[in-house]
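Understanding the architecture of this molecule
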Amino acid sequence: MSLELVGLCVDVAGRRVVTDVDLTVPDGHVVGLLGPNGSGKSTLLKTLYRVNRPSAGRVLVDGTDLLALPPRQAARRIAVIAQESSVEFDFTVLEMVLIGRTPHKRVFDRDDHTDLAAARHAIDRVGCAHLADRSFNTLSGGEKQRVLIARAIAQDADHLILDEPTNHLDIRYQVEVLELVAGLGVTVLAALHDLSLAALFCDSVHLLAQGRLIAGGPPAQVITTDLVRRAYGAEVLIVDHPETGTPHLIPRRARR
Ligand SMILES: Nc1ncnc2c1ncn2[C@@H]1O[C@H](COP(=O)(O)OP(=O)(O)OP(=O)(O)O)[C@@H](O)[C@H]1O
């Protein structure tokens, strides 16, 4: 169940945005993709869910070329929670989660007992049973993220890709969502902005700067004052989390 990017390059609008990325997400690990705004995180992740085609390099799922798989088969291997989380149609929560079952059905198949049971189980697992009949678009940001995680659970893929899953969430939901994701037991690659939270939840992290990986490894090796300065141009203090020992960032004011 590993995910491997080998020499991955991605061009967007005639410009190379991701250059020569080698990155492995081992079976069952939670791996963070870090990097400043515009460093190429989303562009890279979009090659994994086939919105972008690599200009060079390969994406391997358990050694199989992801792009060679038919879309339905690829969707059984990789579930995605992208950044945009509103939908044009007024789907209920249950209907949203049932969309996750699509790769397991033929085109005109209706939802059967198995699909409904899988969707209800997934909704229960993220603690959203009370929201099953609510319109998805009326949910709060944190509730929406939980429902999208439920959809990924119902999809029953063994890999999960997330693009900034904690964006716009308050501290409670940030922790809840990452706790939920880390507890799923699937292989996870997540773009994350909060480096302290990334350190708390990721087995390893990779740092992108201007489309190139400049560091990768356990959080304590990558989230250092030097690398944060180099990648983000930011001056921070880093202390050890008192409970976990993981790096915790303290922002500094430019002028005191
Ligand atoms: N469709 C596009 N057309 C033109 N430029 C693009 C397109 N998509 C991405 N880019 C550019 O590629 C670069 C990387 O963008 P990307 O969204 O991958 O960065 P990111 O690391 O995900 O940023 P953020 O943290 O702000 O979401 C940026 O300079 C962006 O403007």
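Keep in mind it's a predicted model, so treat the numbers as computed, not measured.

**Points about the overall build of the protein chain**
Along the protein chain, the regular secondary structure elements total 9 helices and 12 strands. In terms of overall size, the protein chain behaves like a compact globule, its C-alpha atoms giving a radius of gyration of 19 Å where 256 residues would be expected to give roughly 18 Å. With the principal axes as the frame, the protein chain shows a C-alpha extent of 60 × 40 × 30 Å. Residue burial in the protein chain is summarised as follows: out of 256 residues, 48% are buried. Taking the intrachain contacts of the protein chain between residues at least 6 apart in sequence as the baseline, contacts between residues at least 24 apart amount to 64%. Element-wise, carbon and sulfur atoms account for 49% of the exposed surface of the protein chain, whose accessible area totals about 13000 Å². Charge-centre separation for the protein chain: the mean point of 28 positive side chains lies 5 Å from the mean point of 31 negative side chains.

**Structural notes on the domain arrangement of the protein chain**
For interface size, the figure often reported is the accessible area lost on association. On domain assignment, one finds that the protein chain holds domain 1 (1-77 + 159-219) and domain 2 (87-156). Counting residues at the interface gives 14 residues for domain 1, matched by 18 residues for domain 2. A combined buried area of about 1200 Å² lies between domain 1 and domain 2, and 61% of that area is made up of carbon and sulfur atoms. On the domain 1 side of the interface with domain 2, the three residues burying the most area are Arg72, Arg76 and Leu180, jointly 40% of the side's total. Joining domain 1 to domain 2, the criterion identifies 1 salt bridge. In this structure, Glu176 engages Arg146 in a salt bridge whose closest nitrogen and oxygen atoms are separated by 2.5 Å. At the surface where domain 1 touches domain 2, the tally comes to 3 residue pairs in polar contact (both at pLDDT 80 or more). Of all the secondary-structure elements, those providing two or more residues to the side of domain 1 that touches domain 2 are α2 (71-77) and α6 (171-182).

**Here's the deal with the site of the ligand**
For the ligand, the set of nearby residues contains 15 residues, the closest of which are Arg15, Gly38, Lys41, Ser42 and Thr43. Separating an oxygen atom of the ligand from a side-chain N or O atom of Arg15 is a distance of 2.9 Å. Contact distances for the ligand include 3.0 Å between an oxygen atom and a side-chain N or O atom of His193. Considered on its own, the ligand offers 640 Å² of accessible surface; in the complex 60% of this is hidden by protein. Ranked by residue count, the leading element in the shell around the ligand is helix α1 (residues 41-48), at 3 residues. Looking at the shell around the ligand residue by residue, the class counts come to 4 nonpolar, 8 polar and 3 charged.

**Things to note about the nonpolar core**
Ranked by internal contacts, the top residues of the largest apolar core, which has 55 residues, are Leu34, Val97, Val147, Ile149, Leu160 and Val188. The biggest single contributor to this core is helix α5 (residues 141-155), with 7 residues. Ignoring anything within four residues of it in the chain, the contact list for Leu34 reads Lys41, Leu192, Leu195, Ala198, Val205, His206, Leu207, Leu208, Ile223 and Tyr232.

**Remarks on the sheet that holds strand β3 (residues 30-34)**
Here we have 6 strands laid out as an open sheet, ordered β6-β7-β8-β3-β9-β10, and mixed in their pairing. A single partner strand is all that each edge strand has here, and the edge strands are β6 (78-81) and β10 (212-217). Averaged over neighbouring strand pairs, the angle between their axes works out to 15° when direction is ignored. The sheet contact formed by strand β9 (residues 204-209) and β10 spans 5 bridges and is antiparallel. The residue of β10 that forms the bridge with Leu207 is Ala215. Packed on one face of the sheet, α5 meets β6 and β7 (159-163) and runs near 170° to β6.

**Concerning the sheet that holds strand β1 (residues 3-12)**
With antiparallel pairing, 4 strands are arranged side by side in an open sheet as β2-β1-β4-β5. Every other strand in the sheet has two partners, leaving β2 (15-25) and β5 (64-65) as the edge strands with one partner each. Where β1 lies against β2, 7 bridges are found, and the strand directions are antiparallel. The residue of β2 that forms the bridge with Leu8 is Val21. Sitting on the sheet, α1 touches β1, β2 and β4 (56-61), and the angle it makes with β1 is about 115°.

Rules behind the numbers
- Residues numbered from 1 in each chain as written.
- Predicted model: local features only at pLDDT ≥ 70, side-chain atom pairs only at ≥ 80, totals over all residues.
- Heavy atoms only, no water.
- Helix = DSSP H or I, 4+ residues; strand = E, 2+ residues; numbered from the N terminus.
- Rg over C-alpha atoms; globule rule 2.2 N^0.38 Å.
- Buried < 20%, exposed > 50% of the residue type's maximum accessible area, 1.4 Å probe, protein only.
- Contact = heavy atoms within 4.5 Å.
- Areas by Shrake-Rupley, 256 points an atom, 1.4 Å probe, with all protein chains shown as cover.
- Lys, Arg positive; Asp, Glu negative; His and termini not counted.
- Charge placed at Lys NZ, Arg CZ, Asp CG, Glu CD.
- Domains from an automatic or database assignment.
- Buried area = accessible area lost by both parts, 1.4 Å probe.
- Salt bridge = Lys/Arg side-chain N within 4 Å of Asp/Glu carboxyl O.
- Polar contact = N/O pair within 3.5 Å; in protein donor to acceptor, adjacent residues only side chain to side chain.
- Near = heavy atom within 4 Å.
- Nonpolar A, V, L, I, M, F, W, Y, C, P; charged D, E, K, R; others polar.
- Core = buried A, V, L, I, M, F, W, Y, C linked by side-chain atoms within 4.5 Å.
- Pairing = 2+ DSSP bridges.
- Axes fitted to C-alpha atoms, helices over the stretch in contact; angles between N-to-C directions.

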